[in-house]
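A look at the structure
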Amino acid sequence: MILSENIQESLNSLWGAKQRSLLALIGIVIGIGSVIAMVAVGQIVENESIRQFREMGTDVCMVRENVLPGKHGKRGGSAGMSLADVAKVPGQCPAIRTVAPYVNLYSRLTRDGRRVPCPGLGVTGGFRDMFKVPMAEGRFISDLDGYESFCVLGHTKAEWLRAQGAGALVGSDVLFGGRLYTVVGVAGPVLSGSFRPYEINEGIMVPIRLALRLPDRPRIGAFAARMTGSGETGEATRQVKAFFRYTNRMNVDVVGAEDLVAQMERQMRMFTLMLGAIGSIALIVGGVGVMNVMLVSVSERRREIGIRRALGAERKDIQLQFLVESVVLSFVGGILGLLLGVGAVAVICRFTGWEFFVSFLSVLLGVGVSAAVGIFFGYYPARQAARLSPIDALRSE
Amino acid sequence: MLDLKNIRKSYLLGTVEVEILKGVDLHVDRGEMLAVVGASGCGKSTLMNIMGFLDVPSSGEYLFRGRSAQGLSDEELSHIRNTDIGFVFQQFNLLSRLTALDNVGLPLVYRGVPVKERRERGREMLDRVGMGERWRHRPGELSGGQQQRVAIARALCGQPSIILADEPTGALDTATSRDIMDLFASLNRDEGITVVLITHDPGLAKRCARSVCMVDGLVETV
């Protein structure tokens, strides 16, 4: 019998038992979904680490104040790093070339009586080069801005203001946390994640000296540093740690690009393990479900098998018919699972800030695995069907 | 055409072996229309199954068109059923999911005939049994008599050398039965198709040129 007709036949027959077929598919859908998500997450993370290096360079590291009280550390309520101390780092630590300290602000952006929550960053002029911030309009914050109430709008906040009906942004005033700032520039969109503070897109940036004098007294908890070498964090870490221990009696942690990649890989391993476990259990459950549906289908259609045999179907024709049916069944599950898997990957990416994409390979894998499940779990029922003697099959009700 | 010599068939019912056919001798000529009459349980259906290669005898010799049926493989038996035999059953045995047309074309599926050609042949066969108008209908939408006509068209579709009909009118009313018998008679008379009819109704048997009677697993010529 011709394959395409077999496929059409099996679709008809599966459609005839919609409910049963759908229930059997749940396992397959979850199983394939997990497999696809697992592969896709792996690839996304790999991509993400490459992007990491490509965008910011391998020579960037983050220095963060270690707030846990240590041997040399002060107990909580530390005043953070001072701007002057951070500025001394490149001079005192030969392994560090430039630094970009910043402070976080949290407030609201107001326009025409409408307010949105808006994070802010107090930044130095070097921040732009460190984090490769593209400018859409105007200029970035400069060290010469001093205490001036200037600001650079992040991409999404500029969009919001435009949606509120703002005209030319550069040169206009915006109200942020009860202060008027003059917009000197608008940043272009950047891919977030990695070391980049998300405020580059989502917030506004103001001069760091001004930020440090705001009433809520923000503090510098972290700064990014570009190293002189090509990514040897070891020496830089030693020097920076020693510097802060000596000047501030403060413990700091230094995280390099490779630490970040390692951290992402740990996260990925967790997802992979979880998805792999769910996937393999669900695939087995789903496969048994398919087998069950097929066994029921065979026993319900004994008479049909008998008729076909009487009309000249060979054993292999019957076997192929039921095998195709189970493959079609799990293939449909595979396609639904594909959608579920892609959805899951999208959720994971949202959650981790990774760049979303689904490769052809993972789609191929999902489809392949579902077909394999169909063949593996459909073989036994199909064989049962083929082994029925024509006369027994014909006699059954 | 068909030669059965001392055919025996026994089944194992639980632990008891029951002999259904106790040495049947029967000869069917080409172009003949033969009725096998017998009460229920006399073994006539078993005989038909053996004649139609759906079942194999426990012992005895069966010559089909001069060829011994002994030791044929499942593929060979399937092939003979496909090309040489047309079955008509009491319960019609049409596939309920398929249209009348696709039901009729079913034997050709297993010869690898493409769907277009199958449907052409199917239309011809349906016309021949007076069901040309109803090709689109599914079995559930047809009356018993109409379903049996479709089943006969299916049996004819493979151009078999013999049609085996097991109680073909058993599920039909008297008037419809007469129509179906007329159809068999005209197929036999006008196209020379060999027909073996199995029935418990002596009235139907009278419409066949020859009839034999089965009693308790043995054939007795009337």
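Reading the values: the criteria
All residue numbers refer to position in the chain's written sequence, counted from 1. Chains and ligands are labelled by the order in which they are written, letters from A for the one and numbers from 1 for the other. It should be noted that, the model being predicted, local features are given only for residues of pLDDT at least 70 and side-chain atom pairs only at 80 or more, the latter also being counted only at that level, while totals for whole chains, interfaces and linings use all residues. Helical segments are the DSSP runs of H or I of at least four residues, strand segments are the runs of E of at least two, and each set is numbered from the N terminus. Computation of the radius of gyration draws on C-alpha atoms alone. For the globule rule, the value is 2.2 Å times the number of residues to the power 0.38. Burial in this document is a count-based property: other C-beta atoms within 10 Å of a residue's C-beta are tallied, and the residue is buried at 20 or more, exposed at 12 or fewer, or partly exposed in between, with C-beta positions derived from the backbone. For every residue pair, C-beta atoms are placed from the backbone, and the pair is scored as a contact if these atoms sit within 7 Å. When residue character is reported, Ala, Val, Leu, Ile, Met, Phe, Trp, Tyr, Cys and Pro are called nonpolar, Asp, Glu, Lys and Arg charged, and the others, Gly included, polar. In plain words, the nonpolar core is the set of buried Ala, Val, Leu, Ile, Met, Phe, Trp, Tyr and Cys residues that C-beta atoms within 7 Å link up. For the domain bounds, the source is a domain assignment made automatically or taken from a database. For a helix, the expected span equals 1.5 Å multiplied by the residue count minus one. What the arc measures is the spread of directions leading from the helix axis to the C-beta atoms. Here, a strand pair is defined by DSSP locating no fewer than two bridges between the strands. pLDDT is a residue-level measure of predictor confidence that goes from 0 to 100. Interaxial angles span 0 to 180 degrees and are taken between N-to-C directions of axes, which are lines fitted to C-alpha atoms, for helices over the stretch in contact.

Turning our eyes to something else, we now look at the overall build of chain B. Helix and strand counts for chain B stand at 7 helices and 10 strands. For 222 residues, the compact-globule formula gives about 17 Å, and the C-alpha radius of gyration of chain B, at 17 Å, lands near that figure. Along the three orthogonal principal directions, the C-alpha set of chain B runs to about 45 × 40 × 35 Å. Residues counted as buried form 49% of the 222 residues belonging to chain B. Of the contacts formed within chain B by residues at least 6 apart in sequence, a portion of 70% connects residues at least 24 apart.

Attention now goes to the overall build of chain A. A count of helices and strands for chain A gives 13 helices and 10 strands. For chain A, whose C-alpha radius of gyration is 31 Å, the value lies well above the compact-globule estimate of 21 Å for 397 residues. Along the first, second and third principal axes, the C-alpha atoms of chain A reach 95 × 50 × 35 Å. Burial status across chain A gives 44% buried among its 397 residues.

A word on the interface of chain A and chain B. Each side of the interface is counted separately: chain A has 17 residues, and chain B has 18 residues. Of all the secondary structure elements, the ones that give two or more residues to the side of chain A that touches chain B are helix H1 (3-16), helix H10 (302-310), helix H11 (315-352) and helix H13 (390-395) of chain A. The leading source of residues in the side of chain A that touches chain B is H1 of chain A, at 4 residues. Partitioning the side of chain A that touches chain B into residue classes produces 8 nonpolar, 4 polar and 5 charged.

On to the nonpolar core. One finds Cys 151, Phe 223 and Val 240 of chain A together with Ala 153 and Leu 197 of chain B to be the most contacted residues of the largest nonpolar core, which totals 178 residues. Among the elements that take part in this core, helix H2 (residues 18-56) of chain A stands out by supplying 15 residues, more than any other. Looking at this core, you find at least three residues from each of domain 1 (3-53 + 262-395) and domain 2 (67-250) of chain A. In contact with Cys 151 of chain A, not counting residues within four places along its chain, are Val 174, Phe 176, Tyr 181, Val 183, Val 184, Ile 204, Met 205 and Val 206 of chain A.

The subject of this paragraph is the environment of Val 328 of chain A. Residue and element names in this part refer to chain A. Mapped onto the elements of the fold, Val 328 is located in helix H11. Take Val 328: there are 22 C-beta atoms within 10 Å of it, and that puts it in the buried class. The spatial distance from the C-alpha of Val 328 to the C-alpha of Ala 371 is 7.8 Å, given a sequence separation of 43 residues. Apart from residues lying up to four places away in sequence, Val 328 is in contact with Ile 7, Ser 10, Leu 11 and Leu 14.

Residue and element names in this part refer to chain A. Between its terminal C-alpha atoms helix H8 (residues 233-248) stretches 22 Å, which fits the 22 Å expected from 16 residues at 1.5 Å a residue. For H8, every residue scored as buried is listed here: Thr 233, Ala 236, Thr 237, Val 240, Phe 243 and Phe 244. Relative to the axis of H8, the buried residues are bounded by an arc of 135 degrees and lie together on one face. Away from its buried face by more than 90 degrees, H8 exposes Gly 234 and Tyr 246. Buried residues along H8 sit in contact with strand E1 (60-65), helix H3 (83-92), strand E2 (96-111), strand E9 (222-227), strand E10 (252-256) and helix H9 (257-300). Where H8 terminates, the next one or two residues include Arg 249, which has phi positive at roughly 50 degrees.

Let us look at H10 of chain A. Most of H10 of chain A is tucked away, with 7 of its 9 residues classed as buried. All of the buried residues along H10 of chain A are Glu 304, Ile 305, Gly 306, Ile 307, Arg 308, Arg 309 and Ala 310 of chain A. Contact partners of the buried residues in H10 of chain A: H11, helix H12 (360-387) and H13 of chain A together with helix H2 (74-84) and strand E6 (85-88) of chain B.

Turning our eyes to something else, we now look at the pairing of strand E8 (residues 194-199) of chain B. All names here are of chain B. Most of E8 is tucked away: 6 of the 6 residues are buried. Sheet topology places strand E3 (residues 33-38) next to E8; 5 bridges connect them, and they run parallel. When the bridges of E8 are listed, Val 37 appears paired with Thr 199. Judged from the 5 bridges that link them, strand E7 (residues 162-166) and E8 form a sheet pairing that is parallel. Its bridge partner being in E8, Leu 164 is matched across the sheet by Val 196.

Moving on, we get to the sheet that holds strand E1 (residues 2-13) of chain B. Residues and elements named next belong to chain B. Spatial ordering of the open sheet is given by E2-E1-E4-E5, a layout of 4 strands whose pairing is antiparallel. On the outer flanks of this sheet lie strand E2 (16-28) and strand E5 (67-68), each paired with one strand and no other. Where E1 and E2 come together, 10 bridges link them in antiparallel fashion. Among the inter-strand pairings, Tyr 11 is bridged to a residue of E2, identified as Val 18.

This part is about unusual backbone geometry. Residue and element names in this part refer to chain B. The backbone phi angle of Phe 92 is positive, close to 65 degrees, even though this residue is not glycine. Note on placement: Phe 92 falls in the loop between E6 and helix H3 (100-109). Phi is positive for Gln 159, which is not a glycine, with a value near 45 degrees. Within the element layout of this structure, Gln 159 appears in the loop between helix H5 (144-157) and E7. The partly exposed category is assigned to Gln 159, around which 13 C-beta atoms lie within 10 Å.

This part takes up the confidence of the model for chain B. Close reading of the predicted structure is inappropriate where its pLDDT is low. In this model, chain B carries an average pLDDT of 91, and 100% of its residues clear a pLDDT of 70 or more. At the level of chain-chain contacts, confidence expressed as ipTM amounts to 0.93, with global pTM at 0.70.

Moving on, we come to the sheet that holds strand E9 (residues 210-215) of chain B. All names here are of chain B. The strand order across the open sheet formed by 6 strands is E6-E7-E8-E3-E9-E10, and the pairing between neighbours is mixed. Single-partner strands in this sheet number two, and they are E6 and strand E10 (218-221). Averaged over neighbouring strand pairs, the angle between their axes works out to 20 degrees when direction is ignored. Of the pairings in the sheet, the one linking E3 to E9 comprises 5 bridges and is parallel in character. The residue bridging Gly 38 from the neighbouring strand is Met 214, located in E9. Lying on the sheet, helix H6 (residues 174-191) is in contact with E3, E7 and E8; it crosses E8 at an angle near 155 degrees.

What follows concerns the environment of Glu 55 of chain A. All names here are of chain A. Mapped onto the secondary structure, Glu 55 falls in helix H2. Take Glu 55: there are 16 C-beta atoms within 10 Å of it, and that puts it in the partly exposed class. C-alpha separation for the pair Glu 55 and Gly 126, spaced 71 residues apart in sequence, amounts to 16 Å. Apart from residues lying up to four places away in sequence, Glu 55 is in contact with Lys 132 and Leu 191.

Interfaces are frequently sized by the accessible area removed from exposure as the parts join. Along its sequence, chain A is carved into domain 1 (3-53 + 262-395) and domain 2 (67-250). Placing a centre on the C-alpha atoms of domain 1 of chain A and another on those of domain 2 of chain A gives a separation of 50 Å.

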